[in-house]
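# Reading the structure
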Amino acid sequence: MEYLIIVGILLIVVAPVIAVLPNPSQRKKMALRKAAMSLGINVEITSIDDPDPLQAKYLSSSGKRLPSILKVVAYRVHCVRPTEWDDPRRRNWVIERRLDNEEGELPGAWCWGSEQPPELSTKLLSFIVLNLESLPQDVIRVDERSRIISIYWQELGDEKGLQTIHYFLENCGKL
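What comes next is a walk through the structure.

Criteria and thresholds
Residues numbered from 1 in each chain as written. Predicted model: local features only at pLDDT ≥ 70, side-chain atom pairs only at ≥ 80, totals over all residues. Heavy atoms only, no water. Axes fitted to C-alpha atoms, helices over the stretch in contact; angles between N-to-C directions. Helix = DSSP H or I, 4+ residues; strand = E, 2+ residues; numbered from the N terminus. Parallel < 35°, antiparallel > 145°, perpendicular 65-115°, else oblique. Contact = heavy atoms within 4.5 Å. Nonpolar A, V, L, I, M, F, W, Y, C, P; charged D, E, K, R; others polar. Core = buried A, V, L, I, M, F, W, Y, C linked by side-chain atoms within 4.5 Å. Buried < 20%, exposed > 50% of the residue type's maximum accessible area, 1.4 Å probe, protein only. Phe/Tyr/Trp six-rings, centres within 6.5 Å; stacked < 30°, edge-to-face > 60°.

Their axes nearest at 10 Å, the elements helix H4 (residues 122–131) and helix H5 (residues 159–174) cross at an angle of 170°. Classified by the interaxial angle, the pair formed by H4 and H5 is roughly antiparallel. Across the interface between the two elements, Leu-124, Phe-127, Ile-128 and Asn-131 of H4 pack against Tyr-167, Phe-168, Asn-171 and Cys-172 of H5. The residue makeup of the contact of H4 with H5, split by class, is six nonpolar, two polar and no charged.

A few words on the nonpolar core. Judged by nonpolar contacts, the single largest core of 30 residues is most densely connected at Tyr-75, Ile-128, Leu-132, Leu-135, Val-142 and Phe-168. Mapped onto this core, the elements with two or more residues apiece are helix H2 (24–38), strand E2 (69–78), strand E3 (93–97), strand E4 (110–112), H4, strand E5 (139–145), strand E6 (148–153) and H5. If you tally residues by element for this core, the top one is H5, at five residues. Once residues lying within four places of it in the same chain are set aside, the contact partners of Phe-168 are Phe-127, Ile-128, Asn-131, Leu-132, Leu-135, Val-142 and Ile-151. Ile-48, Val-72, Ala-74 and Tyr-152 belong to the second-largest nonpolar core, a separate cluster that totals six residues.

On to the packing of aromatic side chains. Using the criterion set out here, one finds four aromatic pairs in the structure. Pairing Trp-93 with Trp-112 gives two aromatic rings, centres 6.5 Å apart and planes at 85°, and the pair type is edge-to-face. In this pair, Trp-93 is assigned in strand E3 and Trp-112 in strand E4, connecting sequence segments 19 residues apart. Of the two residues, Trp-93 and Trp-112, both sit in the buried class. Relative to Phe-168, the ring of Phe-127 lies with its centre 5.4 Å away and its plane at 40°, an arrangement referred to as tilted. Here the residue Phe-127 occupies a position in helix H4, and Phe-168 occupies one in helix H5, the gap between them amounting to 41 residues.

This is the structure in structure tokens:
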């Protein structure tokens, strides 16, 4: 009987400690983020407006509309642009993956957030068009705001997806 009481007390003490340990999925994501930071990529957990807000997942069981917010991880690099790129129209752009995308100049389900920037570099535009489809399927948005290029990723991929994101970010920053 004494041994059962001791085992019970140990379980009461050890159970909360085990509950706060990260599970294998969380360890994988932590390793992925650590690898990204070692490549010079800034990692930030954030949320964005879903580019496809009319999905059924944004309806409650009573039919009430829920906020269409996605929790994602932003992988960012700071890029250096020439001084003639001081016009904000030239350095602020958004590309989103949408389910209802009609055929446009961007491949697959990708489309411009509001409209294509009028004076985007042709080298950068051609790089984006050629490489958007190579990004992992769970990448939701790519944008540049104030000389920071960001990829918003749900991190369902692995190290290969991270390498693809690193390649995309580094080359966008150089163009």
